[in-house]
Amino acid sequence: FEPQIRTLIQAIPPTRQTAMFSATWPREVRKLAADYLSHPVHIQIGSHEATANKDITQKVIIVQGQRDKMEKLREVLMTLSKEDRVIIFTNTK
């Protein structure tokens, strides 16, 4: 997914504060952090040897504004079954 992340990062204004989270820390993710983050802080829980679970689907959805964000969230949640589990990353000001 590195090319998609690079495309997203290039669309972000350079003066914006950016946080990067990764379940794994492979060479490609370290390179992304080095290329785009200023003075990054690396916090690690567990070993470097961890790999991502192949059963996990990761999606990045770009929206415009709070209303669009809530509508898209509702759409995504409506597609899930009661057995599905989901983690949603958000931010607040």
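Before reading further, recall that the structure is shown in the block above.
Let me sum up the structure you'll find in this document. (Residues numbered from 1 in each chain as written. Predicted model: local features only at pLDDT ≥ 70, side-chain atom pairs only at ≥ 80, totals over all residues. Heavy atoms only, no water.)

**Quick notes on the overall build of the protein**
Threshold: Only DSSP runs of H or I with at least four residues qualify as helices, and only runs of E with at least two residues qualify as strands; both kinds are numbered from the N terminus onward. The buried label applies to any residue whose accessible area, calculated with a 1.4 Å probe on protein chains only, is under 20% of its type's maximum; exposed applies above 50%, and partly exposed to all values in between. Residues are treated as being in contact if the distance between any of their heavy atoms lies within 4.5 Å. Calculation of accessible area relied on Shrake-Rupley with a 1.4 Å probe; when residues are assessed, cover is drawn exclusively from the protein chains displayed.
A count of helical and extended segments in the protein gives three helices and zero strands. Ordered by position from the N terminus, the helices and strands of the protein form the series α-α-α. Counting over 93 residues, the protein shows a buried share of 9%. For the protein, long-range pairs separated by at least 24 residues make up 41% of all intrachain contacts whose partners lie at least 6 apart in sequence. Per element, the accessible surface of the protein, about 9,200 Å² overall, is 54% carbon and sulfur.

**Things to note about the packing of helix α1 (residues 2-10) against helix α2 (residues 27-36)**
The relative placement of two packed helices comes down to the angle between their axes together with the axis-to-axis distance. Inclusion rule: Working convention: axes come from line fits to C-alpha atoms, limited for helices to the stretch in contact. Angles between N-to-C directions cover 0 to 180 degrees. Angles are sorted into four bins: roughly parallel if under 35 degrees, roughly antiparallel if over 145, roughly perpendicular if 65 to 115, and oblique for all others. Definitions for this section: a left-handed crossing has its near helix turned counterclockwise from the far helix by less than a right angle. A right-handed crossing has that turn clockwise. Basically, the charged four are Asp, Glu, Lys and Arg, the nonpolar ten are Ala, Val, Leu, Ile, Met, Phe, Trp, Tyr, Cys and Pro, and anything else, Gly included, counts as polar.
At their nearest, the axes of α1 and α2 sit 11 Å apart, and the two run at 15 degrees to each other. What the angle tells us is that α1 and α2 run roughly parallel. The way α1 lies across α2 gives a crossing that is right-handed. Together, Glu2, Ile5, Arg6, Ile9 and Gln10 of α1 and Glu28, Lys31, Leu32, Asp35 and Tyr36 of α2 make up the contact between the two elements. When grouped by side-chain class, the residues that make up the contact of α1 with α2 number four nonpolar, one polar and five charged.

**As for the environment of Phe21**
Among the structural elements, Phe21 can be located in the loop between α1 and α2. Phe21 sits 22 residues away from Ile43 along the chain, and the two C-alpha atoms are 9.5 Å apart.

**Some points on α1**
How we decide: The arc in question is the one traced by the directions running from the helix axis out to the C-beta atoms.
Of the positions making up α1, those classed as buried are Ile5, Arg6 and Ile9. Burial along α1 is one-sided: seen end-on, the buried residues are contained in an arc of 100 degrees. Exposed and facing more than 90 degrees away from the buried side of α1 are Pro3, Gln4 and Thr7. Looking at the buried side of α1, the elements it contacts are α2.

**Considerations on the pattern of salt bridges**
Under the convention used in this document: Within this document, salt bridges are pairs made up of a side-chain nitrogen of Lys or Arg and a carboxyl oxygen of Asp or Glu, the two lying within 4 Å of each other.
One pass over the full model with this rule turns up three salt bridges. With a shortest N-O distance of 2.9 Å, Arg6 and Asp35 are connected by a salt bridge. Of the two residues, Arg6 is situated in helix α1 and Asp35 in helix α2; the sequence distance between them amounts to 29 residues. With a relative accessible area of 18%, Arg6 lands in the buried category. As a salt-bridge pair, Lys72 and Glu75 come within 3.2 Å of each other at their nearest N and O atoms. A residue pair is termed a helical-turn pair when its members lie 3 or 4 positions apart in one helix, as Lys72 and Glu75 do in helix α3 (residues 65-78) at three residues.

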